[in-house]
Structures are given as C-alpha cells and as structure tokens.
Amino acid sequence: EWRLRTFNSMVYGSASSRDLLAGKWYEIGKSDDFRQCECPSVYPLPAATPGTEAAYEEARRAGMPDTVHKTSCGGDWWQLGSYDPGAPRSVGSFKPTPGWEDVFAQKRIDQGNFYASKDNEYPTLAGGKRRINWGWATVPPASAQTLPREVTFNAEARALQQYPIEEIAGLRAAAAFDRRGVAVRGSVGLGVPAGVARQAELLVSFALPSESATFGVRIGGSSSGDGIGCSVNYTAGAANASVACGGVRDSLPLLARETSVELRVFADWTFVEAYFQRGRVAITAKAAFSPDTVASLTSNVTVAADVSLFPMKSIWVDPDKVRAAPRVYK
C-alpha cells in the first residue's frame, strides 16, 4: 500500500503501484502524529554522512530512528523518529525512538531565507541512491532555488546534514586562490580580482585553535552595507559553536575528535548559501554584492586555514545538451 500525507495531516492510500500511477487514492484518516503544515514529506532515514559509517551501523544495530518527517511552518523543519505503518488502511504511527528522544524535537533546516523545500530519492553518479532536497531561497530580486542538497545522517553528531551534491563541482572555473596553511589573524585578503567573489565558491578549513576564537570569511566591497560575513564563535572544548552569516545565527554541534571546522560559502550576486562542517548547519542569507566585491579571511587569534576560491560558471546550458544527456529514468 502506498501512503500520501497531505498538509492537513490527512493520510491517503493507494492499493498498488498501478493504482498510484492511475491516480486512484482512498482516504485513510487523520494522523495525530503528523502536524498540520505546508509542504510535508515523510521518508526513510538517509545514508550515513561520509566518514561516519561505523557510527551509523553501530546505531542501526542498537536501534536508531528510521524516518524523517519534514514540514514547512514559518520556516522549514525536520524531526527524526520511528514510523510504524500499521495494517493497510490504517494511519500508522510516528513516535520518538527510545534513546533518541532529542531528535524528535522540531529542528530548523535552515535558519535563513529558506522555505517550502522539496525532496526526492535520486541516483548517485555511481548508481546508488541519495536523498536530495531543494529549498525556495526567498531572496531578491525575485527568489531562486537553492543548490540541490544531499541529505545524510551523522549518527555520531545525532544530526541530519545537508551538503551540495557532488555535481556542483562541475561548475567550478579554475581556482582564483588555492593555498594551504594560510596564517589568519585580523583580516587577510585573498587578492582575487574585484568582482570575482560575487559569483564564487569559497571553501575554507580552519584548524581549531587551543584557545577560544571567532574566525570566518567576509565577501563584499567597499560600500557601506555591501557584502556579508560568515563566522564561527568557538569556545575551546565546547560541544557546540555559535555560527552566523550576517544576522542569521545557529548552533553547530562539534565532536570531541574534530580538529578543524569547514566553512563552504557560495556567493551568487544577491545572496549566499553557507555550509558549516559539511552541512551540519546550513544558512541561506541575503547579501548585496557590488562590482568591487573581494574575499577575505578573519580571525581574532592566529589560526591556520586551507583555502580555495573558485569562480562559478553559469548554470545555463544549450537545450541540445540536455536532450543528448543519458537518461536516468526510462
């Protein structure tokens, strides 16, 4: 039996794949476990965040959440729990998973200008499966779609992560800056030509210092109100760090074994998408970039950083290239 959950918490069923394709649905009833919200989605817990496979498998054997429930209510939210479909033509149940009650609480997907996201299961380049989510970036001049974000689960951090799909790297032009071990204290400009950074990807890995510090990046020009800064407010030994882009803030969980923080920022003329620690936190934020936009690193103590800045090429392609592309679904 196929199930459909609508915005008003109603659950509908379809008896077979043939009926589903024919649009034959029947009403099952209202679920008290799925709150009323726009753009709902219910899907199986996605694959492990790269590098956390062992923790994922250990948690799976011990009993971890099996389902993600996503909604849009004054922002986009998700929660993790255990789903029991019950018998056919019953609404089933969605409840906290024992030992994982904390992740059943509603968690904001993106604290910034992000709403009404849509997800689906898509093939990977290697032929596997992945969950991809797109958001509505409510930014000037007339909104846009965010980058497609692959959703994974980090059992060690007890958090879903969202990170641009690997195909995005195909939009990179030759690096305008690429250097390891940059010493950062105060403001360190990258020396890229003016204007390049307003349509670019800035990828920085900061080594965590032994003392508390605030470090990050700034993309912008010389005009008042131009550009944006994204930062990490780190307290040595703490389990969380406060992160921000412009006036948008969130809390980044850190693991005791981690020795660096990655900050990946995509600038696109009127806004940025910032991903902290491979998308453990993601922020979409408005930003005005002038023709003299440049990029710099910032820190109030000396930190080492590995830095790459890539100008990003246009997303638009010739229609004939689309028609000639290999078909995934046939």
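Look above for the structure.
All of the points below concern the structure found in this document. (Residues numbered from 1 in each chain as written. Predicted model: local features only at pLDDT ≥ 70, side-chain atom pairs only at ≥ 80, totals over all residues. Heavy atoms only, no water.)

This brings us to the environment of C37. Topologically, C37 is positioned in the loop between strand 3 (26–30) and strand 4 (38–44). The class of C37 is buried, set by a relative accessible area of 3%. As a C-alpha pair, C37 and T71 span 34 residues in sequence and 5.7 Å in three-dimensional space. (Helix = DSSP H or I, 4+ residues; strand = E, 2+ residues; numbered from the N terminus. Buried < 20%, exposed > 50% of the residue type's maximum accessible area, 1.4 Å probe, protein only.)

With that settled, the discussion passes to unusual backbone geometry. In this model, P140 is joined to P141 through a cis peptide bond whose omega is 5°. Relative to the elements of secondary structure, P141 occurs in the loop between strand 10 (129–137) and strand 11 (144–145). Despite not being glycine, C39 has its phi angle at roughly 50°, a positive value. Of note, C39 is situated in strand 4. For S143, which is not glycine, the phi dihedral falls at a positive 70°.

The next thing to look at is the packing of aromatic side chains. On inspection of all chains with the given rule, the structure shows 10 aromatic pairs. Aromatic pair F206 and F215: ring centres 4.9 Å apart, planes at 40°, arrangement tilted. In this pair, the class of F206 matches that of F215, namely buried. Over the face of the ring belonging to Y26 we find R89, whose NZ or CZ atom lies 3.7 Å from the ring centre. In this structure, R264 is placed above the aromatic ring of Y163, and the distance from its NZ or CZ to the ring centre is 5.0 Å. (Phe/Tyr/Trp six-rings, centres within 6.5 Å; stacked < 30°, edge-to-face > 60°. Lys NZ or Arg CZ within 6 Å of the ring centre and 35° of its normal.)

Pairing within the open sheet is antiparallel, and its 3 strands lie in the order 1-2-3. Strands at the two margins of the open sheet, each flanked by one partner only, are strand 1 (2–5) and strand 3. Shown here is a sheet whose adjacent strand axes are inclined to one another by a mean of 30°, direction ignored. Here 4 bridges tie strand 2 (residues 10–14) to strand 3, and the two strands are oriented antiparallel to one another. Within the sheet, the bridge partner assigned to Y12 lies in strand 3 and is E27. (Pairing = 2+ DSSP bridges. Axes fitted to C-alpha atoms, helices over the stretch in contact; angles between N-to-C directions.)

Here the structure, examined in full by the defined rule, presents 2 disulfides. A sulfur-sulfur separation of 1.6 Å characterises the disulfide bridge that pairs C37 with C73. What sets the handedness of the C37 and C73 disulfide is the S-S torsion sign, and at about -120° it is left-handed. Of this pair, C37 sits in the loop between strand 3 and strand 4 while C73 sits in the loop between strand 5 (67–72) and strand 6 (76–84), and the two are 36 residues apart along the sequence. Judged by its relative accessible area of 29%, C73 falls in the partly exposed class. Across a sulfur-sulfur distance of 2.0 Å, C230 and C245 are joined as a disulfide pair. Taking the torsion about the S-S bond as the criterion, the C230 to C245 disulfide, at about 115°, is right-handed. In this pair, C230 is assigned in strand 17 (residues 228–234) and C245 in strand 18 (residues 240–245), connecting sequence segments 15 residues apart. Each member of the pair, C230 as well as C245, is classed as buried. Looking at C39, it has no disulfide partner, and the nearest cysteine sulfur is the one in C73, 9.4 Å off. Given the relative accessible area of 22%, C39 is considered partly exposed. (Disulfide = S-S within 2.5 Å.)

What follows covers the pairing of strand 20 (residues 260–268). Across the 9 residues of strand 20, 7 count as buried, placing the element largely inside the fold. Of the strand pairs in this sheet, strand 15 (residues 199–207) and strand 20 are connected by 9 bridges, and their pairing is antiparallel. Residue pairing in the sheet places S205 in a bridge with E262 of strand 20. Strand direction decides the pairing type here: strand 20 and strand 21 (residues 271–276), joined by 5 bridges, are antiparallel. The residue bridging L263 from the neighbouring strand is F276, located in strand 21.

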